[in-house]
Amino acid sequence: MTHKKKLLDLVRDKIRFKHYSISTEKTYVFWVKHYIIFHNKKHPIEMGKSEIEAFLTSLATKEKVAPTTQNQAFNAILFLYKEVLGIDMSEWNIQALRAQERKHIPVVLTTEEVQKVLQNLTGIYKLVVTLMYGCGLRMNEVLNIRVKDMDFGFDKLYVWDSKSLKDRTVPLPLKLKDELQVQVKKIEEMHQKDMSDGFGTVYMPFAYEKKYPKAKSETKWQYLFPMNNISKDPRSNVKRRHHIHPQTLGRNIKIAAQKANLNKRVTSHIFRHSYATHLLQVGIDLRSIQELLGHKSVETTMIYTHVVSEMNKAKLISPLDF
């Protein structure tokens, strides 16, 4: 006798099938569950536009959540209806009381400030952050690089399944080529030892593991920046070597920024902002930067023209100084 899967399990399955991260999985499941409980455990298939609007409005007015949190909840519900239930919401025109996000001009570092932070990083974390800046990568993208993604022959890096689900390639910084080749060699040796110790598998995207069951044991699929220790996969409970934890990388960046005595809030994303701004400053066109960053729309990339504009304003002087 086969048991029908519960809705939240179907949500998890769909998220994994689409290669979303475990943090996205936890977030979406949380909000779907919250949405159902809000409406007294009524099944979403029996609800629609009015129930979604009531839920989102309650988040804004009663729970006083931040705009980003409300948008996160809305995205989870969109995913539920479109991807899991197969319901098209495009004609619903949701009119909940939506909090408006403030559009911030991103904080960037000068090239000198970037170097100061890098000089205060050591070991693998220095290589990770240098590559993140040198290629304009998001933290999730740099941590998910596999050995196979490094193309030393054509000096490029493949970036798969990024935030926009738009695959792209970026030029590999030539200054890092030798160091990255040494890192690949270390991974090959580490993987051989893991295999001999009875481990050696790596997390594979949901569909790939079914289609290529042996790939998870191949060296080319191993993470370029792995953890020091074997750990248990929270999804499958399989013991294997995952990539460096985002919190660990974030903590190392914070400590390096403090040592560099910078009066700016330095996070992993500031290196991506700095990459785009520095390219714009030396004359790289906006469309090229859009492709390098993997932005769906050039409007997203245009924020960096405002950054450069503000920098140019800083060069203006008072009439008193003429």
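Quick caveat, the model's predicted, so the values are computed rather than measured.

A. Representation of empty space enclosed by the protein. Enumeration according to the criterion identifies one cavity of 30 Å³ or more in this entry. Here the largest cavity is characterised by a volume of approximately 60 Å³. Along its surface, the largest cavity is lined by Ile187, Met190, His191, Asp194, Val202, Gln222, Tyr223, Pro226 and Arg241. The class makeup of the residues in the lining of the largest cavity is five nonpolar, two polar and two charged.

B. The arrangement of helix H8 (residues 177-196) in detail. Its 20 residues place the ends of H8 29 Å apart at the C-alpha level, agreeing with the 28 Å of an ideal helix rising 1.5 Å per residue. Taken together, the buried positions of H8 are Leu180, Gln183, Val184, Ile187, His191 and Asp194. For H8, the buried positions fall inside an angular range of 105° around the axis, keeping them on one side. Those residues of H8 that are exposed and aimed more than 90 degrees away from the buried face are Asp178, Glu189, Gln192, Lys193 and Ser196.

C. How the structure looks around the packing of aromatic side chains. Counting across every chain of the model gives ten aromatic pairs. Taking the centre distance of 5.5 Å and the plane angle of 70° together, the rings of tyrosine 81 and tryptophan 92 count as edge-to-face. Here tryptophan 92 lies in the loop between helix H4 (67-84) and helix H5 (111-119) and tyrosine 81 lies in helix H4, a separation of eleven residues in the sequence. You can call tyrosine 81 buried: its relative accessible area is 0%. Through a chain of ring-to-ring contacts, three or more aromatic side chains come together here, namely Phe30, Trp31, Tyr35, Phe38, Phe55, Tyr81 and Trp92. Here lysine 148 stacks its cationic end above the ring of tryptophan 221, 4.6 Å away from the centre of that ring. Sitting above the plane of the phenylalanine 154 ring, lysine 156 keeps its charged end 5.7 Å from the centroid.

About the cut-offs
- Residue positions are counted from 1 within each chain, in the order its sequence is given.
- For a predicted model such as this one, the threshold for reporting local features is a pLDDT of at least 70, and the threshold for listing and counting side-chain atom pairs is 80 or more; totals across whole chains, interfaces and linings nevertheless cover every residue.
- The side-chain figures draw on all heavy atoms in the structure; neither hydrogens nor water molecules are used.
- In this analysis, the protein atoms alone were mapped onto a 1 Å grid. Cavities are point sets where a 1.4 Å probe fits without being able to get out; pockets are open sets with protein on both sides within 12 Å along at least five of seven lines; lining residues have an atom within 4 Å of a point.
- Grid points are joined across faces, edges and corners, and a volume is the space filled by probe spheres set on the points.
- Here the term charged refers only to Asp, Glu, Lys and Arg, the term nonpolar to Ala, Val, Leu, Ile, Met, Phe, Trp, Tyr, Cys and Pro, and the term polar to all other amino acids, Gly among them.
- Strands are runs of DSSP state E lasting at least two residues, helices are runs of H or I lasting at least four, and both sets are numbered from the N terminus onward.
- Expected span, for any helix, means 1.5 Å times one less than how many residues it has.
- For the exposure calls, accessible area comes from a 1.4 Å probe over protein chains only, and a residue counts as buried if that area is under 20% of its type's maximum, exposed if over 50%, partly exposed in between.
- Regarding the arc, it is the one traced by the directions from the helix axis to the C-beta atoms.
- Pairing of aromatic side chains requires ring centres within 6.5 Å, counting the rings of Phe and Tyr and the six-membered ring of Trp. Pairs whose planes differ by under 30 degrees are stacked, by over 60 edge-to-face, and all others tilted.
- A ring is scored as having a charge over it whenever the NZ atom of a lysine or the CZ atom of an arginine sits within 6 Å of its centre and within 35 degrees of its normal.

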